[in-house]
Amino acid sequence: MPELPEVETTRRGVAPLLTGRRLESLLVRDHRLRWPVRLPADLPGQALLGVSRRAKYLLFHFDHGTLIVHLGMSGSLRVLPVQMPYRKHDHLVANFTGGHSLRLHDPRRFGSVHWHAGDPAGDGEAALAGHWLLARLGIEPLDAAFNGQYLKTRARKRKLAVKSFIMDARVVVGVGNIYASEALFLAGIRPTVPAGRVTLAAFEALAREIGNVLGAAIRMGGTTLRDFVNQDGNPGYFQQTLYVYGRGGEPCRICGSTLKSVRLAGRATVYCPKCQKAQGFRKPEC
DNA sequence: ACTGGCTCCTGAGGGC
DNA sequence: TGCCCTCAGGAGCCAG
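Read on for a plain summary of the structure.

What counts and what doesn't
- Residue indices follow the written sequence of each chain, beginning from 1 at its first position.
- Just so you know, chain letters begin at A and ligand numbers begin at 1, following the order they were written in.
- In keeping with the model being predicted, local features are shown solely for residues with a pLDDT of at least 70 and side-chain atom pairs are shown and tallied solely at 80 or more, while totals for entire chains, interfaces and linings include all residues.
- The side-chain figures draw on all heavy atoms in the structure; neither hydrogens nor water molecules are used.
- The helix and strand labels rest on DSSP assignments: H or I over at least four residues marks a helix, E over at least two residues marks a strand, and numbering proceeds from the N terminus.
- Each helix should span, by expectation, one fewer than its residue count multiplied by 1.5 Å.
- Whether a residue is buried, partly exposed or exposed follows from its accessible area with a 1.4 Å probe, protein chains only, as a fraction of its type maximum: under 20%, in between, or over 50%, in that order.
- To be near a molecule or strand, a residue needs just one of its heavy atoms within 4 Å of it.
- Each polar contact in these results corresponds to two N or O atoms within 3.5 Å; when the atoms are within protein, one needs to be able to donate a hydrogen and the other to accept it, and residues that are neighboring in sequence are counted only if both atoms are side-chain atoms.
- Counted as positive: Lys and Arg. Counted as negative: Asp and Glu. His and the chain ends are not counted at all.
- Whenever a carboxyl oxygen of Asp or Glu lies within 4 Å of a side-chain nitrogen of Lys or Arg, that contact is scored as a salt bridge.
- Whether two residues are in contact is decided by their heavy atoms: any pair within 4.5 Å suffices.
- Two strands qualify as a pair provided that DSSP identifies no fewer than 2 bridges between them.
- Note on method: axes are straight lines fitted to C-alpha atoms, helices fitted across the in-contact stretch only, with angles between N-to-C directions ranging 0 to 180 degrees.

**Quick notes on helix 1 (residues 4–18)**
Over its 15 residues, helix 1 runs 21 Å from end to end, which matches the ideal 21 Å to within 8%, given 1.5 Å per residue. By the criterion of burial, helix 1 is predominantly enclosed, with eleven of the 15 residues buried. Here helix 1 has its buried residues at Leu 4, Pro 5, Glu 6, Val 7, Glu 8, Thr 9, Thr 10, Gly 13, Val 14, Ala 15 and Leu 18.

Here it is, written out as structure tokens:
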């Protein structure tokens, strides 16, 4: 399940291998992703100018447009020698000059691929930001402007649970279930508290912890880049110690209390009833 | 304007 | 060993 650190790690792995190369051929082996894949006939022949990221969308910038790729929850990208046989669920194959073959693998097909036409020069960048998939996205969690005051302002009068609030991509992007759960634990905030009732101080701790946990995961992901081309390495971010996610019923690593498991907006949610209070009250010692 | 529920899909894991 | 069941989840969409 690619969270933002894995998407960023993917970008950093793929970009240096493919940037500057020309797309020689494109094969859509299965167009049935989240939305049917429809790509222009003139995409082959274009050069890849660079790869960037917005939220969990990877943006492959070509001469005359941008390929917008989302990995869903089971998607992955790898760059392999062009002669390597396809795997089951390799839905998209993009062969570049130099024998580099980019493969989109996505068993559950929750991912998506869109083409946005428009030269990157001129107003292309602004037009891309207005793409319907990207237009309503909130702030990047690693942006300096993402802080407690931002969250406090956005949470005004909101009644939904703070965990659901920080998982809303219109507020802040890239905070999936794992990192929302962990950051709330580290900030000492109970996930079920209405967002509008969280104090500024607690939001400041939460913004800090979200940044910390995502930043650390990206740095760890970087350590697996060496293996990126050839094989499935353990994604580095997964080596992080998980305090609550997936640990319902087990003892809290800090205080030993039994971790409580609830569902919030259909998402498994685990918290420590002692370490996580309504207003947030301490940062557990790590 | 908000909010929660639904939906897509396959593979993993548990129970027997 | 094998089968069936349940569950997991990102995020757009929609009804209330």
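**Looking at the protein's contact with DNA strand C**
Neighbouring DNA strand C are 16 residues; Tyr 57, His 70, Met 73, Arg 108 and Tyr 245 lie closest to it. Sugar and phosphate atoms form 55% of the subset of DNA strand C atoms that lie within 4 Å of the protein. The side chain of Arg 34 places a nitrogen or oxygen atom 3.0 Å from a sugar or linking oxygen of DNA strand C. In this structure, Tyr 57 approaches DNA strand C through a side-chain N or O atom, which is 2.8 Å from a phosphate oxygen.

**Brief notes about the side chain of Lys 163**
Along the chain, Lys 163 turns up in helix 4 (residues 162–166). For Lys 163, which is buried and forms no salt bridge, the nearest opposite charge comes from Glu 3, at a distance of 9.7 Å. Contact partners of Lys 163, with chain neighbours within four places excluded, come to Asn 177, Ala 180, Ser 181, Leu 184, Pro 191, Leu 264, Arg 267, Ala 268 and Thr 269.

**Some points on the protein's contact with DNA strand B**
Surveying the vicinity of DNA strand B reveals the residues His 89, Pro 107, Arg 108, Arg 109, Phe 110, Arg 158, Lys 159 and Leu 160. Counting only the atoms of DNA strand B that lie within 4 Å of the protein, the sugar and phosphate share comes to 64%. Side-chain polar atom of Arg 109 to a phosphate oxygen of DNA strand B: 2.9 Å apart, as the coordinates give it. In the environment of DNA strand B, a phosphate oxygen lies 3.3 Å from a nitrogen or oxygen atom belonging to the backbone of Leu 160.

**Considerations on the sheet that holds strand 8 (residues 112–117)**
Pairing between the strands of a sheet is mediated by backbone hydrogen bonds and can be parallel or antiparallel. One open sheet holds the four strands; their spatial order is 2-3-4-8, and the pairing between them is antiparallel. A single partner strand is all that each edge strand has here, and the edge strands are strand 2 (48–54) and strand 8. Each neighbouring strand pair of the sheet contributes to a mean axis angle of 20°, computed without reference to strand direction. As paired elements, strand 3 (residues 57–62) and strand 4 (residues 65–70) share six bridges and run antiparallel to each other. Each residue of the ladder has a partner; that of Leu 59, found in strand 4, is Ile 68. Sheet strands touched by helix 1: strand 2 and strand 3. Its angle to strand 2, the strand with the most contacts, is close to 175°.

**What about the sheet that holds strand 1 (residues 23–28)?**
Judged by pairing direction, the sheet is antiparallel, and its four strands sit side by side in the order 1-6-7-5 without closing on themselves. The sheet is open, and its two borders are formed by strand 1 and strand 5 (76–81), each paired with just one other strand. For this sheet, the mean inter-axis angle between neighbouring strands, taken without regard to orientation, is 20°. Here five bridges tie strand 1 to strand 6 (residues 90–96), and the two strands are oriented antiparallel to one another. When the sheet's bridge partners are listed, Val 28 is paired in strand 6 with Leu 92. The strands that helix 1 touches are strand 5, strand 6 and strand 7 (100–105); relative to strand 5, the one it contacts most, it runs at about 30°.

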